[in-house]
Amino acid sequence: MLFNDNLKIFSGSSNASLASAVCSYLEIPLGGSKIDRFPDGEKAIRVEDDVRGRDCFVIQSTCIPVDEHLMELLIYLDCLRRASARRITAVIPYFGYARQDRKDEGRVPITAKLVANLITTAGADRVLAIDLHAAQLQGFFDIPVDHLTGELVLSKYFRDKKIGNLTVVSPDVGNMKLASRYASRLGGELAIVHKKRKSGREVEAQEIIGEVKGRNILMCDDIIATAGTVCSAAKLVKERGAGKIYVGATHGVLAGEALERIAEAPIDEVAVTDTIPLTDETKAKGTLNIKVLTVSVMLGEAIKRIHRDQSVSSLFNHF
Ligand code: R5P
């Protein structure tokens, strides 16, 4: 037994299998809780373990259905706070609402900040998150944030594939730094696609800076939502003579027509992580060329280090 009863991990309903995998890695049982509903649809959560004075972690991604999972997380935090937990960490493998992070036109909200405030007010003392879309989102929380990245797991997967003649492509200008980190981890050239977003669902890849002709491509992004960005970029690099096309992204939101788009695009394989589980509906639609990698070991190791007041950043050298 690595831990005494002082460390408690609870799971919301969004990532039950990831939470179990984290607990298996840490060799502790998942904390007992019951999630119920009142007849009008309100959620009722009851933590069944004694948490007084304990170091508690709640694992919950605010993925589809976003508002429901967010509310569940807030209720969990409130519940643990009122049950006198000593410290509460909100473990948010995927943080929904992150992309509305600035007021770039009149009369729009900054939901990333609103949600950060809600999480803090509900009772979180710390946050452990993975690829928050923009690193500066850490500053939206006035509590400590440990920020992990799926790059570690994804780049290991692609390194093991030993892809020759590799060019790492950023499917938009915003992901340039990410792509350049992949290129230095994996060794390869770098190219960037200029994209124009026409709406939340429609994007158009317009031009490429860099050489893709005759090269195998790894395209990397933090999120695949409607898959418009990666599919449109994949079509463009294929038209320009690319060989195999791989895509790696931390969060497979896979909303709307994402699966149909991926199936039709000239993409050989997409790798995402289990920060968001594939739903049964998604699996039923067919996910043949989608590989899901687990972040459970990385998360488990980070939880262990937070619990023991050890460095989390040094964890990056272990993957
Ligand atoms: C954009 O800033 C992000 O990094 C992703 O490229 C984008 O959110 C992906 O969205 P979609 O899959 O809907 O194109």
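What counts as what
- Residues numbered from 1 in each chain as written.
- Predicted model: local features only at pLDDT ≥ 70, side-chain atom pairs only at ≥ 80, totals over all residues.
- Heavy atoms only, no water.
- 1 Å grid on protein atoms, 1.4 Å probe; cavity = no way out; pocket = protein on both sides within 12 Å on 5 of 7 lines; lining within 4 Å.
- Points joined across faces, edges and corners; volume = space filled by probe spheres on them.
- Nonpolar A, V, L, I, M, F, W, Y, C, P; charged D, E, K, R; others polar.
- Domains from an automatic or database assignment.
- Near = heavy atom within 4 Å.
- Polar contact = N/O pair within 3.5 Å; in protein donor to acceptor, adjacent residues only side chain to side chain.
- Areas by Shrake-Rupley, 256 points an atom, 1.4 Å probe, with all protein chains shown as cover.
- Helix = DSSP H or I, 4+ residues; strand = E, 2+ residues; numbered from the N terminus.
- Axes fitted to C-alpha atoms, helices over the stretch in contact; angles between N-to-C directions.
- Parallel < 35°, antiparallel > 145°, perpendicular 65-115°, else oblique.
- Left-handed = near helix turned anticlockwise from the far one by under 90°.
- Contact = heavy atoms within 4.5 Å.
- Buried < 20%, exposed > 50% of the residue type's maximum accessible area, 1.4 Å probe, protein only.
- Buried area = accessible area lost by both parts, 1.4 Å probe.

Engineer: Just give me the short version of the layout of surface pockets, but keep the residues and values in it.
Structural biologist: What the second largest pocket holds in volume is close to 340 Å³. Along its surface, the second largest pocket is lined by 18 residues, and Ile64, Val253, Leu254, Thr279 and Thr282 are the ones closest to its centre. Considered class by class, the residues forming the lining of the second largest pocket number 10 nonpolar, 6 polar and 2 charged. Of the domains in this structure, domain 1 (7-149 + 296-314) and domain 2 (151-293) are the two that each give at least three residues to the lining of the second largest pocket.

Engineer: Lay out the site of the ligand with the relevant residues and their values.
Structural biologist: Surveying the vicinity of the ligand reveals 15 residues, the closest of which are Asp221, Asp222, Thr226, Ala227 and Thr229. With respect to the ligand, the side chain of Arg197 contributes an N or O atom lying 3.3 Å from an oxygen atom. Asp221 places a polar side-chain atom, nitrogen or oxygen, 2.6 Å from an oxygen atom of the ligand. Protein contact buries 89% of the 380 Å² of open area that the ligand shows by itself. Counting only elements with at least two residues in the shell around the ligand, the list comes to β9 (189-197), β11 (216-224) and α6 (228-239). Counted by class, the shell around the ligand contains 4 nonpolar, 5 polar and 6 charged residues.

Engineer: Lay out the packing of helix α1 (residues 16-26) against helix α9 (residues 296-307) in plain terms, naming residues and giving numbers.
Structural biologist: Relative orientation and spacing of two packed helices are given, respectively, by the angle between their axes and the distance between those axes. Close contact between α1 and α9 brings their axes to 8 Å; oriented N to C, the two are set at 60 degrees. On the basis of their axis angle, the class for α1 and α9 is oblique. Here α1 and α9 pass one another in a crossing that is right-handed. Note on element contacts: α9 touches α1 through Ser296, Val297, Leu299, Gly300, Glu301, Ile303 and Lys304, opposite Leu18, Ala21, Val22, Tyr25 and Leu26. Tallied by class, the residues present in the contact of α1 with α9 amount to 8 nonpolar, 2 polar and 2 charged.

Engineer: Break down the environment of Val22 for me, with residues and values.
Structural biologist: Within the secondary structure, Val22 is located in helix α1. Exposure remark for Val22: the relative accessible area of 0% places this residue in the buried category. Placed 192 residues apart in sequence, Val22 and Gly214 show a C-alpha to C-alpha distance of 41 Å. Those residues within four positions of Val22 in sequence are excluded, and the remaining contacts are Ile9, Ile59, Ser296, Leu299, Gly300 and Ile303.

Engineer: How would you sum up unusual backbone geometry? Please name residues and give values.
Structural biologist: A cis amide bond links Ile64 to the next residue, Pro65, at an omega of -5 degrees. Here Glu27, not a glycine, exhibits a phi torsion of approximately 55 degrees, which is positive. Since its relative accessible area comes to 52%, Glu27 is described here as exposed. Backbone geometry at Arg107 places phi at a positive 55 degrees, although glycine is not the residue there. When you line up the elements, Arg107 lands in the loop between β5 (87-92) and α3 (111-122). Judged by its relative accessible area of 83%, Arg107 is exposed.

Engineer: Lay out the domain arrangement of the protein chain with the relevant residues and their values.
Structural biologist: Domain boundaries assigned for the protein chain yield domain 1 (7-149 + 296-314) and domain 2 (151-293). Using C-alpha coordinates to define each centre, domain 1 is positioned 27 Å away from domain 2. Listed as interface residues are 14 residues of domain 1 and, on the opposing side, 13 residues of domain 2. Both sides of the domain 1 and domain 2 interface together cover about 1200 Å² of buried area, and 61% of this is carbon and sulfur. Its largest share of buried area at the contact with domain 2, domain 1 owes to Tyr94, Asp131 and Thr149, together 39% of the area lost on that side. Our enumeration of links across domain 1 and domain 2 arrives at 7 residue pairs in polar contact (both at pLDDT 80 or more). Grouping the amino acids of the side of domain 1 that touches domain 2 by side-chain chemistry returns 7 nonpolar, 5 polar and 2 charged.

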